[in-house]
Amino acid sequence: MSSTSFNAEEHKNMLRSYFNGQGYQRWASIYGSDKLSTVRNTVRQGHAVMMDRAFGWIEQLGLPKGAHILDAGCGTGLFSIRLAQAGYRVTSADIASQMVEKTKADATAAGVAGNMEFQVESIESVSGSYDAVVCFDVLIHYPSEGFIQAFANLSKLTKGPVIFTYAPYNNILAFQHWLGGYFPKKERRTTIQMIRDEQMQQAMQGAGMEIKRKEKISFGFYHTMLMETARR
Ligand SMILES: C[S@@+](CC[C@H](N)C(=O)[O-])C[C@H]1O[C@@H](n2cnc3c(N)ncnc32)[C@H](O)[C@@H]1O
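Structural notes, computed from the coordinates. All values reported here derive from a predicted model rather than from experimental measurement.

### Regarding the site of the ligand
- Not every one of the 20 residues close to the ligand is listed here, only the nearest: F19, G73, G75, S122 and F136.
- Looking at the shell around the ligand, the elements that each hand over two or more residues are helix 1 (8–20) and helix 4 (78–85).
- Here the shell around the ligand takes 3 residues from helix 1, the largest share from any one element.
- Considered class by class, the residues forming the shell around the ligand number 13 nonpolar, 4 polar and 3 charged.

Shown next as structure tokens:
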């Protein structure tokens, strides 16, 4: 992978446009309660398993209630709202305004919007200082050069942990990624970018972070690595 091939601005614009259009429809239905195809239903269930595990990790940090957590790339706000319901103060940021609007509407309906802030910002531009940062199923859309930059940006926003998911490079995933191209067009997943171990080490090194723990979450067509990192 050449380091000159990645154009951060172009990539961000492509993601914004996808997640405000076709991507919004696709992901809002996966994260919602619509009836889904078998393939997408396993993605919904796998994502729920990942969120349960991540929520457990957050609780184990022992942060005081009222601690401020950034949910970067919050999507429709499933995890943000869960955090707010548990008593954390949450900033929900997403590059796609439609995602942020949905998060705000659902948070209001759940009665927790008062404990939250909603920002249409990218992971590259969001600012502030947080007790922890979470970023789920966002960095999977970044090739290694972009991943390293984006992870460095998120790490700067906290003295605490950054908990996120990514797609590790391995033969099985590479195979499934390739296989993904063979599904009918309407079932195709958003392009997933895989990160090799040495690239992850580079990202940690650059950001002054270290890996605390990781866990592979695999459920049907949902495959991700959940990782907790902390300052070295
Ligand atoms: C697959 S969804 C995951 C949503 C949420 N984190 C979850 O797990 O429920 C990916 C989200 O990342 C957002 N996103 C993609 N690129 C982003 C960027 N550069 N900055 C902020 N959000 C981004 C998309 O708009 C979308 O809402």
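Now that the structure has been shown, the text picks up again.
### Some remarks on the pairing of strand 1 (residues 68–72)
- Across the 5 residues that make up strand 1, a large majority, 4, are buried.
- Each parallel crossover has a hand, and the one from strand 1 via helix 4 to strand 2 (residues 89–94) is right-handed.
- Here strand 1 pairs with strand 4 (residues 132–135) via 3 bridges, running parallel. Bridge pairing links I69 to A132 in strand 4.

### Observations regarding the nonpolar core
- Judged by nonpolar contacts, the single largest core of 54 residues is most densely connected at A72, V133, V134, C135, L139 and F164.
- Setting aside chain neighbours within four positions, we find V134 in contact with A54, I69, D71, F79, I163 and F164.

Parameters and conventions
Once a new chain begins, its residue numbering starts again from 1 and follows that chain's sequence as written. The predicted origin of the model limits local features to residues at a pLDDT of at least 70 and limits the giving and counting of side-chain atom pairs to 80 or more, whereas totals for whole chains, interfaces and linings rest on all residues. Here, nearness is defined through the C-beta atom: a residue counts as near a molecule or strand if that backbone-placed atom lies within 6 Å of it. Elements are defined by DSSP. Helices are runs of H or I of four residues or more, strands are runs of E of two residues or more, and each kind is numbered from the N terminus. Following the grouping adopted for this structure description, the nonpolar residues are Ala, Val, Leu, Ile, Met, Phe, Trp, Tyr, Cys and Pro, the charged ones are Asp, Glu, Lys and Arg, and the polar ones are all others, Gly among them. Burial is judged by counting other C-beta atoms within 10 Å of a residue's own C-beta: 20 or more means buried, 12 or fewer means exposed, and anything between counts as partly exposed, with every C-beta placed from the backbone. Note on handedness: a clockwise path from strand one over the helix to strand two, with the strands aimed away from the viewer, defines a right-handed crossover. For two strands to be treated as a pair, DSSP must find at least two bridges joining them. Throughout this description, the term nonpolar core refers to a group of buried Ala, Val, Leu, Ile, Met, Phe, Trp, Tyr and Cys residues whose C-beta atoms join them within 7 Å. C-beta atoms are first placed from the backbone for all residues, and any pair lying within 7 Å is then listed as a contact.

Interpretation in functional terms is not warranted from these geometric data alone.
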